Structure formats: C-alpha cells, structure tokens
Amino acid sequence: MPGGSSVSTKKAIFIDGNSLINRAFFAIRHLTTSSGQPTNALYGFLQMLDKLIRDEQPNYLAVAFDKSKATFRHEQFKDYKAHRAGMPDQLAAQLPVAKELLRAYRIPIYEIEGYEADDVLGTMASRAAASGLEVRIVTGDRDAFQLIDDRVKILITVKGISEIELFDAEALKAKYGLTPAQMVDLKGLMGDTSDNIPGVPGVGEKTALKLLHQFGSLEEVLAHANEAGGPKLCENLATYADQARLSRQLATIDRAVPIDIDLEECRMEEPDHPRLLELLRELEFRGLIKRFGLEEKVWDEKTVARAAEALTFRLTVVDAPRALRELEATCRQAGGFAYQLVEADSGDLFQATDPRYQLYIGLEDGQAFRIPDAAWQGEERTILAGLLEEPAVDKASLSSKPDRLSLRRQGLGLEGVTFDATLAAYLLDPTRSSYRVEDLAREHLGLELPPLAGDDPERLATGVVTLARLRRPMLAALQNQGLERLYREIELPLAAVLADMEWHGIHVNVQRLEEMGERLGERIEELTAEIYHLAGQEFNINSTKQLGEILFEKLGLPVQKRTKSGYSTDAEVLEALAPGYEIAARLLEYRQVTKLKSTYIDGLRPLVNPDTGRVHTTFQQTVTATGRLSSTEPNLQNIPIREELGRRLRYVFGPGRGYDCIVGADYSQIELRILAHLSGDRYMVDSFQKGQDIHQRTASEVFGVPMDQVTSDQRAKAKAVNFGIVYGISDYGLARQLGITRSEAALYIANYFTRYQGVKAYMDGIIAQARRDGYVTTMFSRRRQLPDINSRNFNLRSFAERTAINTPIQGSAADIIKLAMVGLHRRLTEEGFRSRMLLQVHDELIFEAVQEELADLKRVVREEMEGAATLQVPLVVDIKVGPNWYEVIKE
C-alpha cells in the first residue's frame, strides 16, 4: 500500500453502484435492444460513469454493491427496510451486465455478505484517506454525509443522471447547520421511512434539526427531553429514547467491514477495449461506441491489415478512357457491381455549387476500383454515364436515394439498383438507427472490419467490396422473413420516387410568407400585452418557473400537477385551466403562435432556394417503425392542421413557374377501412360497402338511434371512438378527449364492442398473436418487434398491446400509399405528364399540375390510389384542386 507522502495529491472515487444504477433506471425509460433486453439502467449508468471519469480524472476508482438483502442491521432490528419494495425485474436483469461492463473497464467491484454498499464505501474511504488520498464518494444516499472529513467529500446525485452536487463539511454546515458526526443523530431523531428506521414518532426533519441546533447531539436532546418543546414532543422523546438510539445505530455506517481491499487494484487503467466494444454492441449502444471512440481504439494497424487481407481485395485506380472501358466490360461480365460515391475535397467540377466526387466500384470476387474526380469529364464521363444508367447491370448501393440526387447534380442518372443495403437492413430491423457497412458485415458476414469512414482509399475499397458481398446474404434474409415483396415492390422503387420529389421541391410564395410572419409577430405582441395585463405584471412568459409562480402563487389558480422542479405549466395543464381562466387560454394561443412563427415562418424562409423559390424537403424512408415516411429540413408533415392558424400556413405553398394549380388527393378514412378489412366485422364492412358515413353509422349502432336521427354531437363522439379504437384508446383517454366522465367513456367503448364484435375479436386475436410470436405484421408483411408484449410492467405491456393493435393498421396504410406513389410515378413518367407529384403527408399526396392535363391527372391518381390494394371494402380517394395547398386540404 503506498505511503501518504507519495499519493497526497491523488484522488480516489468510490461509487455506490446500487444507487447509481437505480437512479439511471428511473431516469431513462423504455430503452431495450431489438430483442427486448432492457438497457435503460445500463445506458444511464455508463453515461454517469463516463462523465465522472472525465470530470474528476481520478487516480483510483472502485464500485461497491449490496451483496445480499439480509445484513447485520436486520439482526439489530428485524423490520429494517421491511417496507421497501423489491427491485423491479427489469432492473435486476441489468445488474449482472453492469458488473460485466465494470470488469471491461477494469474497475474493481467490492461487495460482502451481511453488509450494505454504504458500509463497504465507508471502509474503503477510511482506508484510502488514511493512505493520503483525496476521496470522493458518489451516491444518491445522504446517509453518506456522516463520512465527510478533511479528506473525504461526497458527490450526491441530485437530478436525473447529469447533475451532481459536492458536499464537504462547509457545504453540509451551510445546508443543515450540522457537522458530519451529527448526521446520524439527525436520523436517530427523525428516522428514515425509506429504510423503515423508526426514529421518534412526531419528529420530522424540521423538528430534529431544531433540536440538534439547540442541544448539539442526540444524547443531549434525550437528556433534556423535558425542555424540548410541547408536552407531546417531550413525552415522545422520553418514551422512545431507546428507539432513537437504535435508529442512530441503524443509520451509522460501519467503517471497519472485514473485506480485503487493495488500493493498488483500484488504480485507474485503460479499459479492455475489445471486451467493452463487444458488450456495447450486444447492448446496441451505437452512440456510446462512437462517443467513446472504441472502434478506433480497438483497430490498430495490424488488425486493419488482417481485415483487409481477409477480404483479399485488389485496388486499381481507373483514370483513362481505355481503363474505364475495360472496367465497364468487367462489371457487365460480373453481372453487376457495388459502388460508393465519395465527395472529393478539391474544387468544383460542373457548377460552382456542386461538389466533386470519386467513385469506388467493388466486385464480389474482391476487385476494387477507384475512379478519381478528374476522370469525370469528356469521354470518361460518357463511359461512366453508360455504366451507371444501364438498367440491365445490377448495382449494389449503401443508400441509393441520396446517390441519385448527387449524381443528378452532376447531370448523371442511376438505374439498375437491385440492392440497397440501408433499405434491406431497415426492413430486417426497423428500430435500428445505424446502417454502416462494418455493422452489416458483422451481422451478415461474420466479418470484423475497422471503421470505414473517412477518405483513406484502402478502407473505402474495403467498404465497397464488403458491400458487394453483403448482397446475397441480406437478400436471402429478406426472403426468409417474407419481406422480399415489400422490398422489391415498395421500398426499393420508392427510393427513386422520393429522389424525384426531393429534386422538384415545392414552390413557396415568399412575399405571402413574410406577410404572414409580420401578422404573427403583431399577434404575439398583442397576446404578450394581454397576458401581462391579466397577470398584473410583466414577466418572462417562456420561463416555466416564473409562469408557475404567476399562475399558482400570485393568481391562485388551482394546481393541476407538479414536477421535480416546481409547478407544471405544460399544454395539458393550460388546456384544463383554459375554460375557466382567460390567462390560460391566452397562454395556449401565445405558445401556438410563437411556435408557428419560429418553426414554420422564421425556420422556412432560409430554406427557400433563391433561384427557384422552392423548398426541397428530405423524405426519411428508414426512420419510423411503422413504415410511415417522415420529412426534414423542412418538416412539411408536421404543419399544424387542427387549428385554423396552422392550416392557413399552407397558403404559401403553390404551383411553381409553368404550372397552374395544386392537386390534393387524400385517402378517405383509410385506417378505418383497413380495420374493417382486417377484422372482417360485418357491420363495419357493410357500412363501407354501402358508402355510408361510418361515424354516423357508428353513432347509430352505439347510441341505438336511427341513422337519420343521429345528432352532430353523437357523430362527433362516435368519430372519437372510431379513431380511438384504432390506437387502443382507454376509457381515461376517451374521457379526457371528449370532456366526459370516465364511466361514460367506458360505456361508449363497451357499447362499441358489443355491436362491433368482429373488431373486438381482431384486437384480442392480434394481441394474443403478438404474445406468441413477439411481433406483428402489416398486410404486406412489414414486421414490428414488440419486446415488451409479455412484460410484467403494466405500462410497458399496455403500450406494446396498443402498438400491436395499431401497427398492422397504420403500417398497412403506409404501405398502401407507398404502393400508390410507385404506381403513380411510373404512370406519370410513362404517359408523358408534365404534372408531377411533390409531397406525401400521411394519407395525402400533393401534385402541381398544368390545366390541360387536369382531367387525365385526376383519373390516373384515382386509378392508382384506389387500386393500390384489394380490400373487403373499397378504397376511396378525395381529390381537390386549388391555387395553393390550403385550398385542397380535406375538411
């Protein structure tokens, strides 16, 4: 053990493992691997550990855990911790993995039968301090304050997994007015409900602090019990004196635990990077792998060389017409090739705004070719164009949609893509967020590769040859899981459709946008003045703390709910208060208007291309687990639709130069039609087949009145029930939505299922199937894994059940509109239309059209959308024409 003089400036960190992993478990929810293994506690624990190491830079580090439930304190008091609930199953499952991670970090773990982690920490701290180390104990348990001395300080976790507060003797005195030694006396008086330490009845923290400030110690308090205060307090102190002493004893940390602790074993050293990388991959913590730089640390030059040797590729630079023709012949003879576009750093090639590219080509037999950016012109360009645009030559791409756009900027096309690794990986696992070649190689080829990002030719060649070799196993995996049709008929051709839509963009009337921004700015000023008037003072409206004080302290509005930091002022709270309090209604409008202005006015303006007046959103094809598309930069799918103010924003989107109008085509109640098809419910099917108003029919069935006597209120309630059923709504959720009692909502749902027994049978059946298989599928075999469907946790299981009900419906709707988009794009191209498809927003497609094609366009749109799938009920499309997007929004 080192002497004090040699380590006097060094620091030791000792961590309460149970405390930190428990905090992480409750701070981060609903995080699992794709197979359903819970990982939330592990993810938070690793983040806390990494932050501690970076911030504190300790020389020594160790973690203590509780070894067993029974300790020496149970012998002293059998009811010690008797009321504490057992560890949740999902947390218990993560504890062994946490210890494996610590071993990979080469951080020693200390635990011993009959003692708690606190006792181990106290013993470790005492020995380390005696050796001259500066000690920090990291815990969420304030019992550790008793361990503070000149060399021992406590780092207390105070909020989530990110905030930690340092306590030394001075900070403890400032907060409690006590010394470390008095902290056990405090527990002796007030007890601890979490540990079932009894203390003295009627004495809480405030009274206990007052007594200790007055008398100094527990024994002195007991000795002067008759001077403590009121008669009841004096009586309790005298009656429960022995219980107070026992409570102090129970709260006292044992600093002499019989455990072998070697401080030299606690010296910080480099983690076992390969083992840590292996564990983080198993846990699917891709973000942490990147943040920790693990792959770069694991792959030294020798391992990179071995990986390259295993691939046995041969890299050839191709930069002359003759060599390019030979390459073209080689690719055709091979039946196809993989390619990767790599943006070059130097200069511009075709236009001032366009980057230059190198092209890497890889063959399955290990041949790799690099075509530098200088070869993309003249005769070479013609040869390249012939190779890339030849549909008969199969091509493998990592992600074909952005490649199409990059090539199009160079005046080149891309045809014949039969393998898109990103789309294939997404269908095989729609929850994944990374589509790197090295990850796919590990999963499908059993091949470990170095990180392939960057501009190193050897690594890029490795990647493109690997991509060529991924084609067979990944396509086979799609076929084995019944996903081949979904891949070939929907997702793969859709990538080309989306590339065209992104290229075209949609025209924005900038003058109208700026005018709307000015009006919103004026309205924000008006609302601000009204809110100040109603509050009786000026304040920061965007400050939750200040707003909470105004609403609930100054104005005395009824508190709806609280958060850890104070009053909640979220939308749910304001909506509950708005009917009775004008200020709440004004605040809701203020938030709506400010969000609309900042996100969709101020945010949209910089994205408008100054030359074309158009914005070019990016459609995300591999983000949602249901298969729905999303859009970014700008997000045109989340423009508010329910409020008129949000709807009017669509005024700014209209036809561009050379076009006359906007056409909107919207599937009518597609999710309810799919529910009718999947459930086969005879009443629902009958209603759609007869072309009836489904909400009016449902109101008639549920409320027991003839259809012609259904009131508008009854129809509105039936509509809420209809769409709520699709999303597995509860009586509580329906009650809140309709503003009725929970019992009324429960009655509506019960009446619905009594009448629509086919729907009830479908819901019960799909949940049972999900419990058996662990997943559900859409009509087109898109798969959604449900790892929590058999969870013991009610909330997790309930969410999984709602997902099981909704995914086949919402996912099938997404698949159907994608099929329609593919068909429409083909028809519009083959039949020579100038009119073109611009946007997809949920169940709606937006086109810009020329007047002379309008009748034919509407016919083709209806044929392709209504014919995209065959159901037991008809698919119906509503088509509207107008001068801008607002005019074609379905009512």
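In this report, we go over the structure that sits alongside the text. Everything quoted here is computed from the prediction, not taken from an experiment.

**Here's the deal with the overall build of the protein chain**
So, point 1. The helix and strand inventory of the protein chain stands at 38 helices and 25 strands.
So, point 2. Judged by the C-alpha coordinates and their principal axes, the protein chain covers about 100 × 80 × 55 Å.
So, point 3. Across the 891 residues of the protein chain, 53% fall into the buried class.

**Regarding the sheet that holds strand 2 (residues 60-64)**
So, point 1. Across the sheet, six strands lie side by side as 3-2-1-4-5-6; this open sheet has mixed pairing. Looking at which strands have only one partner, the edges of the open sheet turn out to be strand 3 (109-110) and strand 6 (163-167).
So, point 2. Looking at chain direction, strand 4 (residues 134-139) and strand 5 (residues 152-159) are connected through five bridges and run parallel. Its bridge partner being in strand 5, V135 is matched across the sheet by V152.

**A look at the nonpolar core**
So, point 1. In terms of nonpolar packing, the biggest core is built from 182 residues, with I361, F419, F653, Y667, Y752 and F847 touching the most fellow members.
So, point 2. Top contributing element to this core by residue count: helix 37 (residues 794-830), with 13 residues.
So, point 3. Those residues in contact with F847 that lie beyond four places of it in its chain are C661, I662, V663, A665, L824, L828, R836, M837, L838, L857 and V861.
So, point 4. Among the nonpolar cores identified, the runner-up in size contains 56 residues, and M183, L209, L211 and I253 belong to it.

**As for the environment of G580**
So, point 1. In this structure, G580 sits in the loop between helix 27 (571-577) and helix 28 (582-601).
So, point 2. Distance in space between the C-alpha atoms of G580 and L557 is 9.7 Å, their sequence separation being 23 residues.

**Notes on the sheet that holds strand 25 (residues 877-882)**
So, point 1. Spatially, 23-24-20-25 is the arrangement adopted by the four strands of the open sheet, whose pairing is antiparallel. Since the sheet does not close on itself, it has two edges, and those belong to strand 23 (836-841) and strand 25, each with one partner. Strand-to-strand twist across the sheet, computed as the mean angle between neighbouring axes with direction ignored, equals 20°.
So, point 2. Across five bridges, strand 23 lies against strand 24 (residues 844-849) in antiparallel orientation. Residue pairing for strand 24: V841 is matched across the bridge by E844.

**Side note on the pairing of strand 20 (residues 661-667)**
So, point 1. In terms of burial, strand 20 is largely enclosed, as seven of its seven residues are buried.
So, point 2. Residues C661, V663, A665 and Y667 point to one face of strand 20 and I662, G664 and D666 to the other, with burial holding for every one of them.
So, point 3. Taken together, the six bridges between strand 20 and strand 24 define a ladder with antiparallel strand orientation. Paired with A665 across the strands is L845, a residue of strand 24.
So, point 4. Note: strand 20 against strand 25, six bridges, orientation antiparallel.

The rules behind these values
- Residues numbered from 1 in each chain as written.
- Predicted model: local features only at pLDDT ≥ 70, side-chain atom pairs only at ≥ 80, totals over all residues.
- Heavy atoms only, no water.
- Helix = DSSP H or I, 4+ residues; strand = E, 2+ residues; numbered from the N terminus.
- Buried < 20%, exposed > 50% of the residue type's maximum accessible area, 1.4 Å probe, protein only.
- Pairing = 2+ DSSP bridges.
- Core = buried A, V, L, I, M, F, W, Y, C linked by side-chain atoms within 4.5 Å.
- Contact = heavy atoms within 4.5 Å.
- Axes fitted to C-alpha atoms, helices over the stretch in contact; angles between N-to-C directions.

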